[in-house]
Amino acid sequence: MADAPKSFFVSPEIHAYLLAHGTPPDPVQQSLIEETRALGGISMMQIAPEQGAFMTLLARAIGARRAIEVGTFTGYSALCIARGLADGGRLLCCDVSEEWTSIGRRHWERAGVADRIELRIGPAAETLRALPEEELFDLGFIDADKEGYPTYFEEILKRLRPNGLVLVDNVLWFGQVANPEANDPSTLAIRAFNEKVAHDARVDRVMLPVADGLTILRKR
Ligand SMILES: C[S@@+](CC[C@H](N)C(=O)[O-])C[C@H]1O[C@@H](n2cnc3c(N)ncnc32)[C@H](O)[C@@H]1O
């Protein structure tokens, strides 16, 4: 039985069908899904399995070796990115929670990717600003506090190689971005971010209704 779809565009039947016809979570990923689910309602922060499979495929397709993630939680997206990296690849993960990421660390060990992941605990803006301003990354993934998105995007973009990709999660925010009556801080922040990148000449973009909405930005 598939979990409820994270996308409000997709019925439970279509969601089960698309999961059955994509790469399914392997036993370590399944264990991570289940351990995260046991945390309760907060587990909805975890990316959807079909999004994870997509991110692994994308990382492989671009031959990514150096990646960065902002917002790791219990480590599912990190596991998916790390799996997609070329040999010798490295993923830098940023999060503020020792507690949640410790669940990820255990699963990264079990999946055999722990040696390619570095986790830095602390506000992601500080972690990013402390990095050298040179081409460090082929791939970035942004999935933390929504008000921080513009900062994370700017700090990653200046360290991304040309043709590198930045993936941005939750850009549809359960449809609230297109609901004129929704004006809570997260909705406003995501709307403002979407508006900003829609007119940004430094990137090509596509916004996809994958799970809760995923924008892919390519640095020109
Ligand atoms: C939506 S969850 C990430 C889900 C994760 N990508 C996954 O696949 O399970 C958001 C995460 O951002 C982290 N976070 C929130 N504010 C942050 C900040 N200022 N700096 C770094 N991480 C932050 C939270 O601790 C949380 O783990």
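Participant: For this particular structure, what's the right way to read the layout of surface pockets?
Facilitator: Summary: where empty space remains is shown by rolling a probe the size of a single water molecule over the atoms. Approximately 480 Å³ is the volume attributed to the largest pocket. Forming the boundary of the largest pocket are 32 residues, of which Met45, Gly71, Asp143, Ala144 and Asp145 lie nearest the centre. Counting only elements with at least two residues in the lining of the largest pocket, the list comes to helix H4 (76–84), strand S2 (90–95) and helix H6 (124–129). Counted as a void, the second largest pocket has a volume near 310 Å³. Along the wall of the second largest pocket there are 14 residues; nearest its centre are Asp3, Ala4, Ser43, Met44 and Gln46. Grouping the constituent residues of the lining of the second largest pocket by class yields eight nonpolar, three polar and three charged.

Participant: When you look at the sheet that holds S2 in this model, what are you seeing that I'm missing?
Facilitator: Strands belonging to one sheet form pairs held by backbone hydrogen bonds; the direction of such a pair is parallel or antiparallel. Strands sit in the order S3-S2-S1-S4-S5-S7-S6 across an open sheet of seven strands; the sheet is mixed. Edge strands, defined here as strands with exactly one partner in the open sheet, are strand S3 (117–121) and strand S6 (203–208). Sheet twist, expressed as the mean angle between neighbouring strand axes with direction ignored, is 15°. Pairing geometry for strand S4 (residues 137–142) and strand S5 (residues 160–169), over five bridges, is parallel. Of the residues in S5, the one forming a bridge with Leu139 is Leu165.

Participant: How should helix H2 (residues 27–37) be read in this particular structure?
Facilitator: Given 3.6 residues per helical turn, the α-helix brings residues three or four places apart onto the same face. Buried within H2 we find Val28, Gln29, Ser31, Leu32, Ile33 and Thr36. Its buried side turned inward, H2 meets H4 and helix H5 (98–111). Measuring from the backbone nitrogen of Val28 back to the side-chain oxygen at the start of H2 gives 3.1 Å, which picks out Asp26 as the cap.

Participant: Please clarify how the site of the ligand should be interpreted in this entry.
Facilitator: The environment of the ligand is formed by 19 residues, the closest being Gly71, Ser77, Asp95, Ala124 and Asp143. For the ligand, an oxygen atom lies 3.4 Å from a polar atom in the backbone of Ile47. Asp145 is positioned such that a nitrogen or oxygen atom in its side chain is 3.2 Å from a nitrogen atom of the ligand. Summarising the interface, the protein chains cover 88% of the accessible area of the ligand, which totals 610 Å² for the free molecule.

Participant: Honestly, the nonpolar core in this entry has me stumped. Any pointers?
Facilitator: Soluble globular proteins tend to bury their nonpolar side chains together. Grouped together as the largest cluster of nonpolar side chains are 33 residues, with contacts concentrated most on Ile81, Leu91, Trp108, Leu139 and Leu167. Per-element accounting of this core gives the leading share, six residues, to H4. The residues contacting Leu139, other than those within four sequence positions of it, are Ala59, Ile62, Ala64, Arg66, Ala67, Ile68, Ile81, Leu160, Leu165 and Leu167. By size, the runner-up hydrophobic cluster in this structure holds 25 residues, among which are Val70, Leu131, Phe153 and Val168.

Participant: Explanation requested: helix H3 (residues 49–61) in the structure shown.
Facilitator: Its 13 residues give H3 an end-to-end C-alpha distance of 18 Å, which sits within 8% of 18 Å, the value for a rise of 1.5 Å per residue. Among the residues making up H3, those that are buried are Glu50, Gln51, Gly52, Met55, Thr56, Leu58 and Ala59. Elements that come into contact with the buried residues of H3 comprise helix H1 (12–20), H4, S4, S5 and strand S7 (214–219). Backbone geometry just downstream of H3 places Gly63 in the positive-phi region, at approximately 65°.

Procedures and definitions
Residues numbered from 1 in each chain as written. Predicted model: local features only at pLDDT ≥ 70, side-chain atom pairs only at ≥ 80, totals over all residues. Heavy atoms only, no water. 1 Å grid on protein atoms, 1.4 Å probe; cavity = no way out; pocket = protein on both sides within 12 Å on 5 of 7 lines; lining within 4 Å. Points joined across faces, edges and corners; volume = space filled by probe spheres on them. Helix = DSSP H or I, 4+ residues; strand = E, 2+ residues; numbered from the N terminus. Nonpolar A, V, L, I, M, F, W, Y, C, P; charged D, E, K, R; others polar. Pairing = 2+ DSSP bridges. Axes fitted to C-alpha atoms, helices over the stretch in contact; angles between N-to-C directions. Buried < 20%, exposed > 50% of the residue type's maximum accessible area, 1.4 Å probe, protein only. Contact = heavy atoms within 4.5 Å. Polar contact = N/O pair within 3.5 Å; in protein donor to acceptor, adjacent residues only side chain to side chain. Near = heavy atom within 4 Å. Areas by Shrake-Rupley, 256 points an atom, 1.4 Å probe, with all protein chains shown as cover. Core = buried A, V, L, I, M, F, W, Y, C linked by side-chain atoms within 4.5 Å. Expected span 1.5 Å × (residues − 1).

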